[in-house]
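Below are the chains, spelled out letter by letter.
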There are 2 protein chains.
Amino acid sequence: MSDELASFTLAPGFAALATACGLKKNGALDLALVTSATPCSAAGVFTTNRVKAAPVLYDQAVLQRNPAGIRAVIVNAGNANACTGPRGMDDCRATAALTAERLGCDSDAVLVLSTGVIGRQLDMARLSAGVLALTTTPSAAQPGAGAAARAIMTTDTRPKVVNHQVALAGGQVTIAGMCKGAGMIHPTMATMLAIVTTDAVIAPALLDRALRHAADRSFNRISVDGDTSTNDTLLLLASGSSGVVIGDAELAAFSEALSTTCIALAQQVARDGEGATRLIEVRVTGAADAAEAHQVANAIARSPLFKTAVHGGDPNWGRVLCAAGYSGAEIDPATLALSFGVGAHQIALVAGGLPLEADLAAASRLLRQDPVIVTLDLGRGGAATTVWTCDFSKEYVEINAHYTT
Amino acid sequence: MSDELASFTLAPGFAALATACGLKKNGALDLALVTSATPCSAAGVFTTNRVKAAPVLYDQAVLQRNPAGIRAVIVNAGNANACTGPRGMDDCRATAALTAERLGCDSDAVLVLSTGVIGRQLDMARLSAGVLALTTTPSAAQPGAGAAARAIMTTDTRPKVVNHQVALAGGQVTIAGMCKGAGMIHPTMATMLAIVTTDAVIAPALLDRALRHAADRSFNRISVDGDTSTNDTLLLLASGSSGVVIGDAELAAFSEALSTTCIALAQQVARDGEGATRLIEVRVTGAADAAEAHQVANAIARSPLFKTAVHGGDPNWGRVLCAAGYSGAEIDPATLALSFGVGAHQIALVAGGLPLEADLAAASRLLRQDPVIVTLDLGRGGAATTVWTCDFSKEYVEINAHYTT
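Computed from a predicted structure; not experimentally measured.

Digging into the overall build of chain A
- If you tally the helices and strands in chain A, you get twelve helices and 15 strands.
- Over its C-alpha trace chain A gives a radius of gyration of 22 Å, about what one expects of a compact globule, namely 22 Å for 405 residues.
- A total of 405 residues make up chain A; the buried ones form 61% of that total.
- Across chain A, the fraction of contacts at a sequence separation of at least 24, relative to all contacts at a separation of at least 6, is 79%.

With respect to the domain arrangement of chain A
- Domain boundaries in chain A define domain 1 (3-271) and domain 2 (279-401).
- Taking only C-alpha atoms, the centre of domain 1 of chain A and the centre of domain 2 of chain A are 32 Å apart.

Considerations on helix α2 (residues 54-65) of chain B
- With twelve residues, α2(B) ought to run about 16 Å at 1.5 Å a step, and its terminal C-alpha atoms sit 17 Å apart, in line with that.
- Among the residues of α2(B), those classed as buried are B:A54, B:P55, B:V56, B:Y58, B:D59 and B:V62.

Quick notes on the sheet that holds strand β13 (residues 337-340) of chain B
All names here are of chain B.
- On the basis of which strands lie adjacent, the open sheet formed by six strands has the order β15-β14-β13-β16-β12-β17 and mixed pairing. This sheet does not close on itself; its edge strands, each paired only once, are β15 (354-355) and β17 (383-390).
- Pairing between strand β12 (residues 279-287) and β17: seven bridges, direction antiparallel. Each bridged residue has a counterpart across the sheet, and for A287 the counterpart in β17 is A383.
- Across the sheet, helix α7 (residues 248-271) lies against β12 and β17, angled at about 45° from β17, the strand it touches most.
- Helix-sheet contacts for helix α11 (residues 360-367) involve β13, β14 (347-351) and β16 (372-377), and the interaxial angle to β14 is about 110°.

Things to note about the nonpolar core
- Membership of the largest hydrophobic core comes to 283 residues, with the highest contact counts inside it found for A:A148, A:V296, B:A148 and B:V296.
- Apart from residues no more than four positions distant in its own chain, A:V296 is found in contact with A:V284, A:A287, A:A324, A:S327, A:A329, A:I331, A:L376 and A:L378.

Examining the sheet that holds strand β10 (residues 279-287) of chain A
All names here are of chain A.
- Here we have six strands laid out as an open sheet, ordered β13-β12-β11-β14-β10-β15, and mixed in their pairing. The open sheet is flanked by β13 (354-355) and β15 (383-390), the only strands paired with a single partner.
- Where strand β12 (residues 347-351) lies against β13, two bridges are found, and the strand directions are antiparallel. In the sheet register, A351 faces β13, and the bridge partner there is L354.
- Each of β10, β14 (372-377) and β15 is contacted by helix α8 (residues 290-302), which is oriented at about 20° to β15, the strand it contacts most.
- Contacts from helix α10 (residues 318-326) reach β11 (337-340), β12 and β14 within the one sheet, and its direction differs from that of β14 by about 50°.

What to know about the pairing of β13(B)
Residues and elements named next belong to chain B.
- Two strands pair when backbone bridges link them, and β13 and β16 are joined in this way by four bridges, in the antiparallel orientation. From the neighbouring strand, F340 faces β16, where its bridge partner is V374.
- Taking the residues that link successive antiparallel strands as the turn, the β13-β14 hairpin has six residues, and the phi of G341 there is positive, at about 80°.

Side note on the packing of helix α8 (residues 290-302) of chain B against helix α10 (residues 318-326) of chain B
Residue and element names in this part refer to chain B.
- In contact at an axis separation of 8 Å, α8 and α10 are set at 130° when each is read in the N-to-C sense. Taken together, the axes of α8 and α10 are oblique relative to one another. The way α8 lies across α10 gives a crossing that is right-handed. Residues V296, A299 and I300 of α8 pack against V320, A323, A324 and Y326 of α10.
- Taken together, the residues of the contact of α8 with α10 sort by class into seven nonpolar, no polar and no charged.

Some points on the environment of A:G146
All names here are of chain A.
- Assignment of secondary structure puts G146 in helix α5 (residues 145-151).
- Residue classification places G146 among the buried positions, given that 23 C-beta atoms sit within 10 Å.
- Here the alpha-carbon distance between G146 and A68, two residues 78 residues apart in the chain, equals 26 Å.

Here's the deal with unusual backbone geometry
Residues and elements named next belong to chain A.
- Geometrically, the link from D370 to P371 is a cis peptide bond, its omega value of 0° lying close to zero.
- Along the polypeptide, P371 turns up in the loop between α11 (360-367) and β14.
- Even without being a glycine, C83 presents a positive backbone phi close to 60°.
- Locating C83 in the fold gives a position in the loop between β3 (70-79) and α3 (85-103).

Scoring rules and cut-offs
Residues numbered from 1 in each chain as written. Chains lettered and ligands numbered in written order. Predicted model: local features only at pLDDT ≥ 70, side-chain atom pairs only at ≥ 80, totals over all residues. Helix = DSSP H or I, 4+ residues; strand = E, 2+ residues; numbered from the N terminus. Rg over C-alpha atoms; globule rule 2.2 N^0.38 Å. Buried ≥ 20, exposed ≤ 12 C-beta atoms within 10 Å, placed from the backbone. Contact = placed C-beta atoms within 7 Å. Domains from an automatic or database assignment. Expected span 1.5 Å × (residues − 1). Pairing = 2+ DSSP bridges. Axes fitted to C-alpha atoms, helices over the stretch in contact; angles between N-to-C directions. Core = buried A, V, L, I, M, F, W, Y, C linked by C-beta atoms within 7 Å. Parallel < 35°, antiparallel > 145°, perpendicular 65-115°, else oblique. Left-handed = near helix turned anticlockwise from the far one by under 90°. Nonpolar A, V, L, I, M, F, W, Y, C, P; charged D, E, K, R; others polar.

So, in structure tokens, the structure goes:
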């Protein structure tokens, strides 16, 4: 484990550990437990997919019933518990009940997350043994949030963690989280699990508002492949152990700080997209309104042709304009301006919808840097947005052609 | 050239030939001319992309002015003449004028098509020399519609041609066409050029209705990569040389016959998707209405995760349900039924939203056949649709990572 990961912690008041219970074929860590010493305020943002995995439906109901009393989150990788019907829901309930019994808390104080293959029933014998290992056999578990961040990975090549210290409301607050996600990533949301913790004192209703604000600015702005999964979940738990109270007056500042944390995690997801070698930041400016800006930016971020061109360092900028053209936004080709890069290294490629004489070799070099920054000005108004994606490589195909076999 | 291609002809009354004028780097055929001995009724369906190539805008205007007097179509590959501003339009005009002068017809009797790289001005010296070769130097040109079908290819691995004989209105009618398209293929429409000819006698207004009907059932139902190009054009020319008159009473039968021809061409496009190894037919049944059926079918056909799984023969059917779930249609997971294959070889994988005990090795074999047939029943109503796509391979990335370099 890297030093950074070994020293990674969640917010004060939280602990985490992980074990390998055999849900991943390769014997890697696949079950993580996050606990809080005290009951937490909690909020969640979940997949918009109509086909929702059992743990998504289960957690939505728990958060409805018990938004101020969450004590633990149990997370497995290797099996998504999606398309598993009533038995999948029973398995969520049993997992929460066993975890709660061992922790000595109420069953409704435990949230359950799953990620992995769709359409297979959970191996509850293995999962239950894993829960016992995490709660009763310290020697069978690896302590630490770093281990938990590794356990929730599927096709991720590296764990994704962030720990931010923020001065808020006259005190010091920690916002720290981990997430996983590499394929099936698209607004809204990604195939993604994220658990963000804070030690702020904040009521569930405010936590929910802050989380939706942050999700819109982070996880809802990344695309790897345009697929939206059955399991996407972003959880936010607030332990209150800092004693710093976030009320209505402090909510905007808290939301901004939370957005910063979530953006950092979301960028890690986009950069680690399946097969990806670098992060692409798509900036759309000069849009008539925010919806138009997003429409255009998402079309560009989703275009396989654009993303393969970036992968090859091919300054084939026509594909950016083409994607903007089919985005559905009512753009005017004659007012488009396109550039690669920023600041002193920015190269303008198109102005007034027409090609400029540009140094294409230098443009190609900009496409090989990390991050790649592409800015398209629509020339229609004052709205702007930024979304993140990754380049598209052969390895994406390699990874996904044999995922279950 | 294969025997089939060597013997391919357009409808009676049409001739075609091709030459290499240097727009393709590799010296291959890149300029095709289709001519009619008599003025034709003509109709066109064009890209919905807001960024339209110059020839798209040019042809739309010509068809408006002169829908019953078309004599020729000049088509270049290697350069899309898109994002080329006023100079691009001037180049269309000059190309049509030169072709018309050489053929001894009016400039407005000539349509112009281009396909290739976006954002570069046409090399008019080469293109003009090519037009002269096609019209005045038989030795510099290859005769035949087969040569023309090869000349319009870009990343296509093979020409796409169809010649159908149909009994209609008490006579015999030919509907024959060629098209190109491999990447940037998505409804509506594909990165695609198609020229369909018939010897029926039919007025432009009826031709237009028949063409829209056929396009909705063929080219608007294929997806390779979700990108919609700047140049998509489907042209239909009717020479009238059969003497068989298609009026209002015969229009439905003509439209169906035209649809059959267009579906055959569209399937060839999907099967030859960039890097593709086989055709995938996605059937959605039991939908509440046609719009819902299309919404679900297109989401599946566009999913890179589904298409890479097919490529690898991985019966990872959860990805089909997942794509249906995020399609935007209000499906109910509990009423979904999924199968691979048809007839005696059909394998049911999901019923009532739940996994069935299925022979996954046999399901994997079905995914390795051509075509792959996937049927998702939504269990909501009586509407159905079929769309076509292809598997997604590493070669797609290879082709598109270095397209302009």
